[in-house]
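# Report on the structure
Below, each chain spelled out in residue letters.
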Amino acid sequence: MANKIKYWVTAVLGIVVASGIAWWLQTKPQGPQEITTTVAAKAAGAGASGTAAPRVAGVEVAKVEVQTLRDDVQAVGSLRARQSVMLRPELVGRIVALNFKDGGPVRKGQILVQFDNNLQQAELQQMQAQLAIAQANYKRTQELVAEKFLAQQSLDTSAANLQVAQAQLALSQARLERMAVRAPFDGTAGIRLVNVGDYVKDGADMVAVEDSRQMMVDFRLPERVGSKVKPGQSVELTLDALPGRNFKAKVEAVDPLLDANGRSLGVRAVVTNAGKPGEPQPLRSGMFARVTTVFSVNEAALMLPEEAIVPQGGKQFVIKLLAPPEGTKLPPDSQYVSKRQEVKLGVRRAGKVEIVDGVVAGETVVVAGQQRLQNDGSPVRVVNLGKPAGKASAASPAASAASEVASAAPAPAASASR
């Protein structure tokens, strides 16, 4: 019995001591830091009636902008002349003359490289003599046949011999012509790879000739734009070798076959290589080119940052900020309410996306903080992160109250609270 009494006395004393400690903690004096926190909390959450105000979500916003938007695609390619050829001999021979200057202009049909043709000229003279004999025999045979001194067979044989002599003469002339290499078109000669006196085999490189009045650029585009690119389409070129200059070109041909390895489409465009008066042509074969193929231009495209798009259930949404309906009471630091709006997207460019349907120019949408706005009609507070930190916002009474109390507290007390 005595033990039970001691147990109950100990329990009552423990309850009394705990109650006293709790009362003391609740009624002890508050330091400056605690006062600051309390005042700030009251300023942020207490209304005129003393009840807590609803929490307002802070978001970042952007306006729907109207911009000129081009539907285009970029690629890289290499330039080469419209007509370009490496001249090579068809026969073996020794060079006796070079009739061009390195880098100089040449005309179509001009003899650029002359080989030793003495043997071919002698053969030509021989064939000319044989042709003359064959012609004389044929004429004499005609006269004798007409006078019935020879049979018709003799005339036929003489005519055949004449044709053989004519063919041999043509063959000799062709061999003589092949000893001279001519320019196939008007253009510019390159740097020669042979010299006078060289013994050159057939097929050896001698000199390149290029007609660079027009240049071609070959590039490849992804297969997804295969239905858009067409001959005659506009193409823009920029070259690393010529910074600050843009060139206009047009698509000349589209390869009907796709590259099975990269699933890309071959395209060829043509650009006029016209320089300024008195200056050489700026474009050269082999230059690296950045190609922009333009499909369409929208002068009034509605653009938003990509961060404003909220994907949900296979659809795309944005959250607009609208003025509240009449009679709606909002917290002091809020002027807008939210509304979720489905949109259709267009072309994406440099962190922005085109809005085809769902918004109009000048509307304000949320770009950060969408997860805080679960329901339409939620009050919204616009946060301007670009505002200097030294200037307090009028929509932040809690921060103002806290700063006033903190500035009023004495310095020693603040140090003590720390």
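Here's what I pulled together on the structure shown here.

Criteria and thresholds
Residues numbered from 1 in each chain as written. Predicted model: local features only at pLDDT ≥ 70, side-chain atom pairs only at ≥ 80, totals over all residues. Heavy atoms only, no water. Salt bridge = Lys/Arg side-chain N within 4 Å of Asp/Glu carboxyl O. Buried < 20%, exposed > 50% of the residue type's maximum accessible area, 1.4 Å probe, protein only. Helix = DSSP H or I, 4+ residues; strand = E, 2+ residues; numbered from the N terminus. Expected span 1.5 Å × (residues − 1). Contact = heavy atoms within 4.5 Å. Patch = residues over 30% accessible without salt bridge, like charges linked within 9 Å, V, L, I, M, F, W, Y side chains within 5 Å. Areas by Shrake-Rupley, 256 points an atom, 1.4 Å probe, with all protein chains shown as cover.

Here the idea is simple: oppositely charged side chains can pair when their charged atoms come close. Counted under the stated rule, the structure contains 16 salt bridges. One salt bridge connects aspartate 72 with arginine 70, and the closest N-O pair in it is separated by 3.3 Å. You can call aspartate 72 buried: its relative accessible area is 10%. Assessed through its relative accessible area of 28%, arginine 70 is described here as partly exposed. Residues joined by salt bridges that share partners form a network here, namely Arg70, Asp72, Glu236, Lys248 and Arg349.

Turning next to helix H4 (residues 152-177). Spanning 26 residues, H4 covers 38 Å between terminal C-alpha atoms, matching the ideal 38 Å at 1.5 Å per step. Within the span of H4, buried status applies to Leu155, Ser158, Leu162, Ala165, Leu169, Ser172 and Leu176. On the buried face of H4, the contacting elements are helix H3 (118-146) and strand S6 (180-182).

A few words on unusual backbone geometry. With a phi close to 55°, arginine 263 is a non-glycine residue in the positive phi region. By secondary structure assignment, the location of arginine 263 is in the loop between strand S11 (242-259) and strand S12 (264-272). One non-glycine residue, alanine 350, lies in positive phi territory at about 50°. Turning to its location among the elements, alanine 350 is positioned in the loop between strand S16 (336-349) and strand S17 (352-357).

Okay, a nonpolar patch on the surface next. Together, Val17, Ile21, Trp23, Trp24 and Leu25 give the surface a local cluster of nonpolar side chains, amounting to about 580 Å² of exposed area. Inspection of the secondary structure assignment puts valine 17 in helix H1 (residues 2-27).

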